[in-house]
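What follows is each chain in one-letter form.
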Amino acid sequence: MSRWSLGEMFPKFLQERPEHALSALISAVTGEIQREHPIPADARLLTVTFAGQDCPFQEDLSFVWFSDPQKQHAHGAEKLVQNYVAFLSECNATVARQLLTKSIPRFRFALLLARTLMVGARRPDELGELLYPIALQPGVLHSNDTKKDAIDLIGAVLVKRSTDEQTATLAAIASHDYSIYKHPEDAKEMLARRISAVL
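Read on for an overview of the structure. (Residues numbered from 1 in each chain as written. Predicted model: local features only at pLDDT ≥ 70, side-chain atom pairs only at ≥ 80, totals over all residues. Heavy atoms only, no water.)

### Brief notes about the pattern of salt bridges
Throughout the structure, instances matching the rule amount to eleven salt bridges. Asp-125 serves as the salt-bridge partner of Lys-160, at 2.6 Å between the closest nitrogen and oxygen. Highlighted residues: Lys-160 in the loop between α9 (147-158) and α10 (163-174) and Asp-125 in helix α7 (residues 124-135), separated in sequence by 35 residues. What makes Asp-125 exposed here is its relative accessible area of 62%. For Arg-193, the salt bridge is made with Glu-189, and the minimal N-O distance between the two is 2.9 Å. Pair noted here: Arg-193 and Glu-189 are both in helix α11 (residues 184-197), with a separation of four residues, about one helical turn. For Arg-193, a relative accessible area of 43% corresponds to the partly exposed category. Here the salt bridges share partners, and the residues they tie into one network are Glu-129, Arg-161 and Glu-165. (Salt bridge = Lys/Arg side-chain N within 4 Å of Asp/Glu carboxyl O. Helix = DSSP H or I, 4+ residues; strand = E, 2+ residues; numbered from the N terminus. Buried < 20%, exposed > 50% of the residue type's maximum accessible area, 1.4 Å probe, protein only.)

### Focus on a nonpolar patch on the surface
Together, Leu-61, Phe-63 and Val-64 give the surface a local cluster of nonpolar side chains, amounting to about 240 Å² of exposed area. Here Phe-63 lies in helix α3 (residues 62-65). (Patch = residues over 30% accessible without salt bridge, like charges linked within 9 Å, V, L, I, M, F, W, Y side chains within 5 Å. Areas by Shrake-Rupley, 256 points an atom, 1.4 Å probe, with all protein chains shown as cover.)

### With respect to the packing of α9 against α11
Two quantities define a packed helix pair, namely the angle between the helix axes and the distance between the axes. Relative orientation of the contacting elements α9 and α11 amounts to 45°, with a least axis distance of 8 Å. Comparing their axes, α11 and α9 come out oblique. The two elements α9 and α11 cross, and the hand of that crossing is right-handed. Residue-level contacts link Lys-147, Lys-148, Ile-151 and Ile-154 of α9 to Leu-191, Arg-194 and Ile-195 of α11. Here the contact of α9 with α11 is composed, by residue class, of four nonpolar, no polar and three charged. (Axes fitted to C-alpha atoms, helices over the stretch in contact; angles between N-to-C directions. Parallel < 35°, antiparallel > 145°, perpendicular 65-115°, else oblique. Left-handed = near helix turned anticlockwise from the far one by under 90°. Contact = heavy atoms within 4.5 Å. Nonpolar A, V, L, I, M, F, W, Y, C, P; charged D, E, K, R; others polar.)

### Some thoughts on empty space enclosed by the protein
Under the criterion given, the structure shown has one cavity of 30 Å³ or more. Taken as a whole, the largest cavity holds about 50 Å³ of empty space. Around the largest cavity, the lining residues are Val-48, Cys-55, Pro-56, Phe-57, Ile-104, Phe-107, Arg-108 and Leu-113. (1 Å grid on protein atoms, 1.4 Å probe; cavity = no way out; pocket = protein on both sides within 12 Å on 5 of 7 lines; lining within 4 Å. Points joined across faces, edges and corners; volume = space filled by probe spheres on them.)

### Digging into the nonpolar core
Leu-25, Phe-107, Leu-117 and Ile-134 are the most contacted members of the largest nonpolar core, which has 57 residues in total. Tallying contributions element by element places helix α6 (residues 110-122) first for this core, with eight residues. Other than its neighbours up to four places away in sequence, Leu-25 contacts Phe-10, Leu-80, Val-81, Tyr-84 and Leu-112. (Core = buried A, V, L, I, M, F, W, Y, C linked by side-chain atoms within 4.5 Å.)

### Quick notes on unusual backbone geometry
Among all residues except glycine, the phi angle is most often negative; among peptide bonds, the trans geometry is most common. For Ala-51, which is not glycine, the phi torsion reads 50° and is therefore positive. Structurally, Ala-51 is set in the loop between β1 (45-50) and β2 (53-58). Of note in this structure, Leu-61 is not a glycine but carries a positive phi near 60°. In this structure, Leu-61 sits in the loop between β2 and α3.

### A look at helix α4 (residues 77-90)
With 14 residues, α4 should cover 20 Å at 1.5 Å per step; its first-to-last C-alpha distance of 20 Å lies within 8% of that length. Burial analysis of α4 places ten of its 14 residues in the buried class, which makes it a mostly covered element. When α4 is considered as a whole, its buried residues turn out to be Ala-77, Glu-78, Leu-80, Val-81, Gln-82, Asn-83, Tyr-84, Val-85, Phe-87 and Leu-88. (Expected span 1.5 Å × (residues − 1).)

### A few points about the packing of aromatic side chains
All chains considered together, the criterion is met by three aromatic pairs. Here the aromatic rings of Phe-10 and Phe-13 are separated by 6.4 Å at their centres, their planes lie at 80°, and the arrangement is edge-to-face. One end of the pair is Phe-10 and the other is Phe-13, both in helix α1 (residues 3-16) and three residues apart, which spans about a single turn. Classification of Phe-10 as buried rests on a relative accessible area of 0%. Measuring from centroid to centroid gives 6.3 Å for Trp-65 and Phe-66, while their planes differ by 20°, and the two rings are stacked. Considered together, Trp-65 and Phe-66 belong to a single accessibility category, that of buried residues. When the ring centre of Phe-66 is taken as reference, the NZ or CZ atom of Arg-115 above it lies at 4.5 Å. (Phe/Tyr/Trp six-rings, centres within 6.5 Å; stacked < 30°, edge-to-face > 60°. Lys NZ or Arg CZ within 6 Å of the ring centre and 35° of its normal.)

What follows is the structure in structure tokens.
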């Protein structure tokens, strides 16, 4: 299937065969990043633990080149990602959870993980329990590609938890290794403020 025809048919493809559509999306995102957005040497290859698996995902600088999820005139894989977000935002919660359980280990790049966390923040009661443990992981919470959406998801879930749990979670995040930052203490304080602001 050509990239053009996939773009035209993708919303229907998602509705009718979501698992196959996600496989096509992952391939399209991988190809477009390799062609249009080469990974810089200092981008990190990180690991997310999900459903008992260690799943590698590559930082891809999508926080720069696809910073606006509502980007006007998106095309190619970017448009497919927007279709995916729309589908995941509206589909049956059981379908969404089953789809994500099978697909997240194959995401490979940070872009798809970030957009999935974004939807999780919109649907915390339905997807929060599945995605919240991902958002809390240091690799996700400290990557520029996924940080914003991880914070939003943490806030959306944690705001409904007890004060004691909120305090414990913030303390656990404060205990992360901040040595990747140029100014670790400033980064720790900034992250704590950002999370507190969404509670």
